[in-house]
Amino acid sequence: MPESLLRLSVIVPARDAEATIADCLRALTHQQAFTLGCDYEIILVDDGSRDNTAKIADEIGVRVIHQANAGPAAARNTGVEHALGELVCFTDADCIPTPDWLSQMVAPFENPEVVGVKGAYLCRKKQPVPRFVQQEFEYKYQALAKLPKIDFIDTYSAAYRKNIFLENGGFDPRFPVPSVEDQEFSFRLARKGYHLAFQPAAKVHHSHDLTLWQYIHRKWGIGYWKAFMLRWLPEKTLSDSYTPASQRAQIFLTAILIVALGVSIFYTPLLWLALAAFL
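Let us look at the structure shown here.

Rules used in this analysis
Residues numbered from 1 in each chain as written. Predicted model: local features only at pLDDT ≥ 70, side-chain atom pairs only at ≥ 80, totals over all residues. Heavy atoms only, no water. Helix = DSSP H or I, 4+ residues; strand = E, 2+ residues; numbered from the N terminus. Rg over C-alpha atoms; globule rule 2.2 N^0.38 Å. Contact = heavy atoms within 4.5 Å. Areas by Shrake-Rupley, 256 points an atom, 1.4 Å probe, with all protein chains shown as cover. Lys, Arg positive; Asp, Glu negative; His and termini not counted. Charge placed at Lys NZ, Arg CZ, Asp CG, Glu CD. 1 Å grid on protein atoms, 1.4 Å probe; cavity = no way out; pocket = protein on both sides within 12 Å on 5 of 7 lines; lining within 4 Å. Points joined across faces, edges and corners; volume = space filled by probe spheres on them. Nonpolar A, V, L, I, M, F, W, Y, C, P; charged D, E, K, R; others polar. Polar contact = N/O pair within 3.5 Å; in protein donor to acceptor, adjacent residues only side chain to side chain. Pairing = 2+ DSSP bridges. Axes fitted to C-alpha atoms, helices over the stretch in contact; angles between N-to-C directions. Buried < 20%, exposed > 50% of the residue type's maximum accessible area, 1.4 Å probe, protein only. Salt bridge = Lys/Arg side-chain N within 4 Å of Asp/Glu carboxyl O.

**Here we look at the overall build of the protein**
At step 1: Along its length, the protein carries 10 helices and eight strands.
At step 2: Relative to the 2.2 N^0.38 estimate, which gives 19 Å for 279 residues, the radius of gyration of the protein is 20 Å and therefore close to what a compact globule would have.
At step 3: The principal-axis extent of the C-alpha atoms belonging to the protein is close to 75 × 40 × 35 Å.
At step 4: Considering only intrachain contacts with a sequence separation of at least 6, the fraction spanning at least 24 residues in the protein is 75%.
At step 5: When the accessible area of the protein is evaluated, it comes to approximately 14,100 Å², of which 61% is carbon and sulfur surface.
At step 6: Taken together, the 28 basic and 30 acidic charged side chains of the protein have centroids lying 6 Å from each other.

Right under this line is the structure:
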């Protein structure tokens, strides 16, 4: 197909993802293309893998681009630089898109004002922690669905107009690990007044954290890198379309709880403050 007619490029950054990448790429190769009215390409950016990630992708027949390990932000940027499509779609190597994922991702772009789209997670796991994590996402999705515009797009299910992506410098490669590099880019676009939209029907399956420790470890990492990001986006400390006010209050109360418990070793009455914060 001539390059000028190629509308979509799907970019998957991956490092040492041989356990999950086959399911992800097979789901992408079996999208309901007839509903799109156009062809699409799949690009796997191998971010310095030490396993068979690239070999598996090559056997499935997708386009593979290799780079030295630089993190998912840089890997996605590399994919966009090589992309032929007018729209660039992103998902992660441990996600399995539903058969209509691409057609749902494309739909909001019928509005010429929309430059970025965020999709949603599904989870088949039945254990308590992944069910809790999914409910946390669903709670946030309910709030997002009420907004005409959003400022928060994470790349497990995302799409952008390629020209806007490139004009605004893409993801910041200063984030060397999966963290908030996707948030930062969407915050940056929203600050400039671009129209970003939520498309809850664009769904991908994901295996969420299985244990409480995995959940805490992930949240700690996100918190660390978000503090790094807020140095140049301070307005997002108190407000964004994804994090409800109740959750920000919970974070604040958790800090009070930890401090009160620590200081109560020396001043016992602070245990009452800790109890109040906990409740």
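Having seen it, we continue.
**Thoughts on the layout of surface pockets**
At step 1: Of the volumes computed, that of the second largest pocket is approximately 200 Å³.
At step 2: Lining the second largest pocket are Ala 19, Thr 20, Asp 23, Asp 94, Cys 95, Ile 96, Cys 123, Arg 124, Lys 125, His 205, His 206 and Ser 207.
At step 3: Contributing elements (two or more residues each) for the lining of the second largest pocket: β5 (95-97) and β8 (195-206).
At step 4: Residue composition of the lining of the second largest pocket, grouped by class: four nonpolar, four polar and four charged.

**Here we look at the environment of His 206**
At step 1: Relative to the assigned elements, His 206 resides in strand β8.
At step 2: In this structure, the C-alpha to C-alpha distance between His 206 and Leu 189, residues 17 residues apart in sequence, is 27 Å.
At step 3: When neighbours within four sequence positions are excluded, His 206 is seen to be in contact with Asp 94, Cys 95, Tyr 121, Leu 122 and Cys 123.
At step 4: Side chain to side chain, His 206 and His 208 meet in a polar contact 3.0 Å long.

**Digging into the sheet that holds strand β2 (residues 40-47)**
At step 1: Taken in spatial order, the eight strands line up as β3-β2-β1-β4-β7-β6-β8-β5 in an open sheet, and their pairing is mixed. The sheet terminates laterally at β3 (63-67) and β5, the two strands that pair on one side only. Averaged over neighbouring strand pairs, the angle between their axes works out to 30 degrees when direction is ignored.
At step 2: Inspection of the sheet shows β2 paired to β3 by five bridges, in the parallel sense. Counterpart to Leu 44 in the pairing with β3 is Val 64.
At step 3: Relative to β2, helix α1 (residues 21-29) is tilted by about 165 degrees, and along the sheet it contacts β1 (8-14), β2 and β5.

**What about unusual backbone geometry?**
At step 1: Residue Asp 16 is not a glycine yet carries a positive backbone phi of 50 degrees.
At step 2: By the secondary structure assignment, Asp 16 is in the loop between β1 and α1.

**Some details on the side chain of Asp 182**
At step 1: Its location among the elements puts Asp 182 in helix α7 (residues 181-191).
At step 2: The side chain of Asp 182 sits in the buried core without any salt bridge; Arg 76 is the nearest counter-charge, 5.3 Å away.
At step 3: If near-sequence neighbours (up to four positions away) are discounted, Asp 182 is found in contact with Ile 153, Asp 154, Thr 155 and Phe 171.

So far we have only geometry, and geometry alone does not tell us how the molecule works.
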